[in-house]
Amino acid sequence: MRILLLAGAFNSLSQRLHAELRDRRHTVDLQLAGDDDELRDTVNRLRPDLLLAPILRTAVPRDVWSRLTCLIVHPGPPGDRGPSSLDRAIQEGRTEWGVTVLQAEAEMDAGPVWAWAPCRLPEYGKSDLYRNEVADAAVAAALLAVDRFASNGYEPQRQCGPGWHATVRTRPVLRQQERRIDWAADATEEVLRRLRAADSRPGVLDELCGGAWYLHGGHREPLLCGRPGELLATRAGAVCRATVDGAVWIPELRHRTPEGRTGIKLPAVTALGALLPPLPEVPAPLMPGEDGPRPWSDIRYREEGAVGFLRFSFPGGAMSTEHCRRLLAAYRVALARPTSVLMLGGGRDFFSNGIHLNVIEAAPDPAVESWDNITAMDELVDAVLTTTDRLVVSAVGGNAAAGGVMLALAADEVWCRAGSVLNPHYRLMGLYGSEYWTYTLPRRVGGPAAERLTRQALPVSSATAERIGLVDRVLARGPEEFGPATAHLAGLLAASPTTQQRIAAKKAAREADERAKPLDAYREEELAVMHRQFFTPESPYHALRSAFVHKRPATTGLGVRA
């Protein structure tokens, strides 16, 4: 079939649906929502068989849904209606939820149901759940609905009448008044629910250091405490704020001016800048003990026998210069440990999306910060590529893009969760790219495929990534199961009698590759292009980066058939 994918943004869920529908031999076109006349023109020009809209924030025009079947993916179980479904579920502490695919009609979320799938809501932020449990359920329900539509014999269930047993409940948008944190009264668990329900957007509006700020994300602090509402410490760019019975770490902030304008999301310490009072930096141990409370940290290392696990989780998968340098320092600590297998990643959310565009945009000189960031990424990737005394495995539990994909490809093996989406390209940001991609990508998929992946700039599903050799193994596991599953496989790899032979062969292959063309040559060639793109004022990178960061429309080339 020809399917028109209507999305508010080409984000993790819409990219995953785009990739998986293409895997199933459907012709898929993308249309970004917002301009009804443009949507009408697209429908008239392409004449799709079906319109599929994943978690749409705006209504489909009547004249479109009245002549074309339009299926809406709603992040709530059957009977749930309203624009803040997932936000309310998280803030209320729900543990079981669901995703429904229903047909667009005049009343929002009231059309007949084509499919639905249940999902759990463990204690994670909304954006994490959206990319994982909710996305798994959304894709399962959407693919089932598409199959049912294609069969031309399925009758969707109307949300009324004798066959309908779910309670219908329509709830309004969750506004800031309901999200507000009362630091003098709310316990830590209540604070965390409110922060998690708004971690990506819109954030929780609050007062801090004499200004108005949106708070994004939250993690429990088990030891520090103080006067409710006061800032206690910093860690890895986050600030710690006291609650009535403990404290929470807030990783990111977004400024709101007195006129109501909002800034961009930044690491909390960076956002506050000179407004931040003198606070102690309280680092978390890289290798915490097994006993006692486990403090929050964005980088962690542990060992099981001959396997080392270096996990990292940065908001939105973006890695600033500082993130890269801290992760490189942790990697060097891991290399000093007596292991034969070292696993990178293994968490449940983003692996990495490469350089931190928001931090770059906010820098005094974005070109200089871009250069510092890419060279710090290169140093990290170089350390992985030149590790020859053990096997390195990248465990990609979530999505990865641009330099984050190339970081994963620097390892000897790449293991990926089914449902992860990879974007192995830089073109949509107007960049050539670095991180040794001209070495690692062709050696995995071949020169023609590498050129096609970087030129087409389309998302790649985990199944396709395995088929073309981009990854070595795909694990059909849930978000919570992926880490333990990869840990078990890594233990088997370390115990294999052939592992030492593989390490020796790896070392010999690296030396042969170095003789043929040194790694420094790849890096110098890539960075020569990147330097021009960073330091040429008219370079499209600067305009594309600014549009991306400030959520302004930009020409992406993704509105055409793929």
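Note that this is a predicted model, so its numbers are computed, not measured.

(A) Region of the structure containing the confidence of the model for the protein chain. Residues of the protein chain with pLDDT of at least 70 account for 98%, and the chain-wide mean is 95. This model gives residues 556–562 a pLDDT under 50, and the stretch forms 17 contacts once residues within four places in sequence are excluded.

(B) Up close: helix 1 (residues 12–23). Taking 1.5 Å as the rise per residue, helix 1 with twelve residues should run 16 Å; its terminal C-alpha atoms sit 16 Å apart, in good agreement. Extensive coverage of helix 1 is indicated by the burial of ten of its twelve residues. Of the residues making up helix 1, those classed as buried are S12, L13, S14, Q15, R16, L17, H18, A19, E20 and L21. Trailing helix 1 by a residue or two, R25 shows a phi angle of about 70 degrees, which is positive.

(C) Main features of the pairing of strand 4 (residues 70–74). With five of five residues buried, strand 4 lies mostly within the body of the structure. The alternating pattern of strand 4 places C70, I72 and H74 on one face and L71 and V73 on the opposite face, and all of these are buried. Where strand 3 (residues 50–54) meets strand 4, four bridges bridge the pair, whose relative direction is parallel. Note that in strand 4 the partner of L51 across the bridge is C70. Note: strand 4 against strand 6 (residues 96–103), four bridges, orientation antiparallel. By the bridge assignment for strand 6, H74 is matched with T100.

(D) Molecular detail of the layout of surface pockets. Considering only enclosed or pocket space, the second largest pocket measures out at about 400 Å³ in volume. For the second largest pocket, the lining is made up of 15 residues, of which R22, D23, T464, R467 and I468 are closest to its centre. Elements with a minimum of two residues in the lining of the second largest pocket: helix 1, helix 15 (447–456), strand 24 (460–461) and helix 16 (462–468).

How each quantity is defined
- Every chain begins its residue count from 1, and numbering advances along the sequence as written.
- Totals for whole chains, interfaces and linings use all residues, but because this is a predicted model, local features are given only for residues with pLDDT of at least 70 and pairs of side-chain atoms are given and counted only at 80 or more.
- Each side-chain value is worked out from all heavy atoms of the structure, with water and hydrogens disregarded.
- pLDDT expresses, on a scale from 0 to 100, how confident the predictor is about each individual residue.
- The contact criterion used throughout is that any non-hydrogen atoms of two residues lie within 4.5 Å.
- Numbering of helices and strands runs from the N terminus; a helix is a DSSP stretch of H or I covering at least four residues, while a strand is a stretch of E covering at least two.
- Under the convention used throughout, the expected extent of a helix is 1.5 Å for every residue step, that is, one less than its residue count.
- Whether a residue is buried, partly exposed or exposed follows from its accessible area with a 1.4 Å probe, protein chains only, as a fraction of its type maximum: under 20%, in between, or over 50%, in that order.
- Two strands make a pair as long as DSSP finds a minimum of two bridges between them.
- Here a cavity means grid points, on a 1 Å grid over the protein atoms only, where a 1.4 Å probe fits yet cannot get out; a pocket means an open set of points with protein on both sides within 12 Å along at least five of seven lines; lining residues are those with an atom within 4 Å of a point.
- Grid points are joined across faces, edges and corners, and a volume is the space filled by probe spheres set on the points.

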